[in-house]
Amino acid sequence: MTDSSETKHKLYIETVGCQMNILDSEMVVADLRRRGYELTDNTQDADTILFNTCSVRQHAEDKIYSALGRLRLTKQKHPEKIIGVMGCMAQKDQGRIFQRAPYVDLIVGPGQLQQVPDLIERARSGERQQSALSLERTAGAAADIRRSHETFDPLRDPSMRPTPFQAYLRIQIGCDKFCTYCIVPMTRGPEQGRPPRQIVDEARILADQGTKEITLLGQTVNSYRYKDADGMTDMADLLGMLHEIDGIQRIKFVTNYPKDMTYKLLETIRDLPKVSPYLHVPAQSGSNDVLKRMKRGYTVEDYYAMMDRIEETLGDRASVSSDFIVGFCGETEAEFQMTVDLVKRCRFKNSFIFKYSERPGTKASEHLPDDVPEETKKRRNNELLAIQNVISEEDNHRFLGQTVEVLVEGPSKKADLAAAAGTPIQLTGRTHDDRIVVFDGNPRLVGELVKIGIYDVSPFTLLGTVMTEHLTMLV
Ligand code: 5AD
Ligand code: SF4
């Protein structure tokens, strides 16, 4: 199956999209490294070039198709180089990728990533245009479709992560919500919770590898459920199990679905100190008519009721962030203003704002015309972002003069690493509720939990100085 512990293959991998994709790439790279591959950061040196792709918006796909286009000549000159397309775009576009870029050697859906090493070997031995894809949602019995979306989580490789002390941990794959704009239920298949034992075992492995912070991943992570002979385990139960693991100091989770933000879950978050009070709960729109067209399954009133539950249970410990789509099919100016109103009323920590991008294969693309002009989408995007930024900065003001606990992640973009040996540099870290903090400190603080006194804020960052006494010795 593998050729090579002697010959080192060189792998170039590019990842776009969400945290799931980043985790999937970590697994694929870990798998290939165990089979003798080395990473390279450029396509010239690579004998294997992989793209882990995203389909959630057109822009993400365009980026990959142009990257593939740039490799056309490379492949002509070096036919021995293997080019692979993995992830959501592979699952969505399937054979159309070979039509647009016939020199691609393999396409692999997000449910088949464990086959990547094998497919590469087959392509290298001359079998062209390999593909491994999941069944489409209507292509067979429910159990077969579910099985065809296998999770791929056996291999963890801390050296593959930006920091060895932070890791993603998948608890759920797929999605059954079928929001009308969204391609994810098609590319990642039916919602399936992973067995809690598996998740806890993997968290233990991560803790043994020195992981302090785990981020649990699922498309609707708080809808997590798993039923077996022992009964039903939900998200709150799972958090309780993970909280017991020594070494794990912080537990985050994304992305949440508003309707499943129950009192039970919020009380668990309140009572378990390792669990982050950062709640990313996309609202998508502030208009009930738009929410209905999106088939989100809740009303604006439901969303406000959820915000009240959060406030009531967690008070100002909680930080809530959201996603919005502007310019969805038929969105009027009045409907957009309702989104503005919701943003003003909810005062999110931050919001991710996207212009609607029609996705072939979704219900919206079949039944609802993409009729809001691009210019209008752009204007609404900018307007909402400007309003959110003012709120974000105002929200950060309450931290002025306060001391926050930060997990130090690494040098800031500005840090002068060359000058770093033993002297303080600019570092960044995150608070328990996911705020970015910038401060000067010794690089040895990376990976530590440190107390920082905040003296200035912007919409996106808190600026501070190290307060922790024994660590100031290190600074
Ligand atoms: N167009 C624009 N944004 C989208 N999202 C999902 N599908 C689309 C689409 N077709 C956004 C949603 C989701 C986030 C991950 O991406 O806001 O929460
Ligand atoms: Fe897409 Fe809706 Fe599922 Fe989120 S909940 S992944 S937006 S279908």
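In this text, all values refer to a predicted model and were calculated from it rather than measured experimentally.

Section: the site of ligand 1
Thinking step 1. Residues in contact with ligand 1, as listed here, are Val56, Arg57, Tyr181, Gln284, Asp323, Ile325, Phe354, Lys355, Tyr356, Ser357 and Arg359.
Thinking step 2. Tyrosine 181 places a main-chain nitrogen or oxygen 3.0 Å from a nitrogen atom of ligand 1.
Thinking step 3. A distance of 2.7 Å separates an oxygen atom of ligand 1 from a polar side-chain atom of glutamine 284.
Thinking step 4. Look at ligand 1: alone it shows 400 Å² of surface, and the protein chains cover 86% of it.
Thinking step 5. When contributions to the shell around ligand 1 are tallied by element, the ones reaching two or more residues are β15 (319-326) and β16 (351-355).
Thinking step 6. Of the residues belonging to the shell around ligand 1, the class tally is five nonpolar, two polar and four charged.

A closer look at the site of ligand 2
Thinking step 1. Every residue close to ligand 2 is listed here: Cys175, Lys177, Phe178, Cys179, Tyr181, Cys182, Val184, Pro185, Gln219, Thr220 and Arg296.
Thinking step 2. Class assignment of the residues belonging to the shell around ligand 2 gives a composition of seven nonpolar, two polar and two charged.

Topic: the packing of aromatic side chains
Thinking step 1. Following the criterion strictly, the structure yields six aromatic pairs and no others.
Thinking step 2. Arranged with centres 6.3 Å apart and planes meeting at 65 degrees, the rings of tyrosine 303 and phenylalanine 348 form a pair that is edge-to-face. Of the two residues, tyrosine 303 is situated in helix α13 (residues 300-314) and phenylalanine 348 in the loop between α14 (333-346) and β16; the sequence distance between them amounts to 45 residues.
Thinking step 3. The buried category is assigned to tyrosine 303, whose relative accessible area is 1%.
Thinking step 4. The cationic tip of arginine 100 hangs over the ring face of tyrosine 65; the distance from NZ or CZ to the ring centre is 3.6 Å.
Thinking step 5. One cation-aromatic arrangement involves lysine 177 over tyrosine 257; the distance from NZ or CZ to the ring centre is 4.7 Å.

What to know about the pairing of β15
Thinking step 1. Judged by how many residues are buried, β15 sits mostly within the fold: eight of eight residues are covered.
Thinking step 2. Burial of the side chains of β15 extends over both faces: Ser319, Ser321, Asp323 and Ile325 are buried on one face and Val320, Ser322, Phe324 and Val326 on the other.
Thinking step 3. The sheet contact formed by strand β14 (residues 278-280) and β15 spans three bridges and is parallel. Of the residues in β15, the one forming a bridge with histidine 280 is serine 321.
Thinking step 4. With five bridges joining them, β15 and β16 adopt parallel strand pairing.

A few points about the domain arrangement of the chain
Thinking step 1. Once the domains are mapped, the chain shows domain 1 (9-140), domain 2 (308-396) and domain 3 (400-466).
Thinking step 2. Using only C-alpha atoms to locate each centre, domain 2 and domain 3 end up separated by 30 Å.
Thinking step 3. Facing the eight residues of domain 2 at the interface are 10 residues of domain 3.
Thinking step 4. A combined buried area of about 800 Å² lies between domain 2 and domain 3, and 40% of that area is made up of carbon and sulfur atoms.
Thinking step 5. For the domain 2 face of the interface with domain 3, the top three residues by lost area are Lys349, Glu393 and Asn396, together amounting to 62%.
Thinking step 6. At the junction of domain 2 and domain 3, the tally comes to two salt bridges.
Thinking step 7. When the shortest N-O distance is used, the salt bridge between aspartate 434 and lysine 349 registers 3.6 Å.
Thinking step 8. The tally of links between domain 2 and domain 3 comes to seven residue pairs in polar contact (both at pLDDT 80 or more).

Parameters and conventions
- Residues numbered from 1 in each chain as written.
- Chains lettered and ligands numbered in written order.
- Predicted model: local features only at pLDDT ≥ 70, side-chain atom pairs only at ≥ 80, totals over all residues.
- Heavy atoms only, no water.
- Near = heavy atom within 4 Å.
- Polar contact = N/O pair within 3.5 Å; in protein donor to acceptor, adjacent residues only side chain to side chain.
- Areas by Shrake-Rupley, 256 points an atom, 1.4 Å probe, with all protein chains shown as cover.
- Helix = DSSP H or I, 4+ residues; strand = E, 2+ residues; numbered from the N terminus.
- Nonpolar A, V, L, I, M, F, W, Y, C, P; charged D, E, K, R; others polar.
- Phe/Tyr/Trp six-rings, centres within 6.5 Å; stacked < 30°, edge-to-face > 60°.
- Buried < 20%, exposed > 50% of the residue type's maximum accessible area, 1.4 Å probe, protein only.
- Lys NZ or Arg CZ within 6 Å of the ring centre and 35° of its normal.
- Pairing = 2+ DSSP bridges.
- Domains from an automatic or database assignment.
- Contact = heavy atoms within 4.5 Å.
- Buried area = accessible area lost by both parts, 1.4 Å probe.
- Salt bridge = Lys/Arg side-chain N within 4 Å of Asp/Glu carboxyl O.

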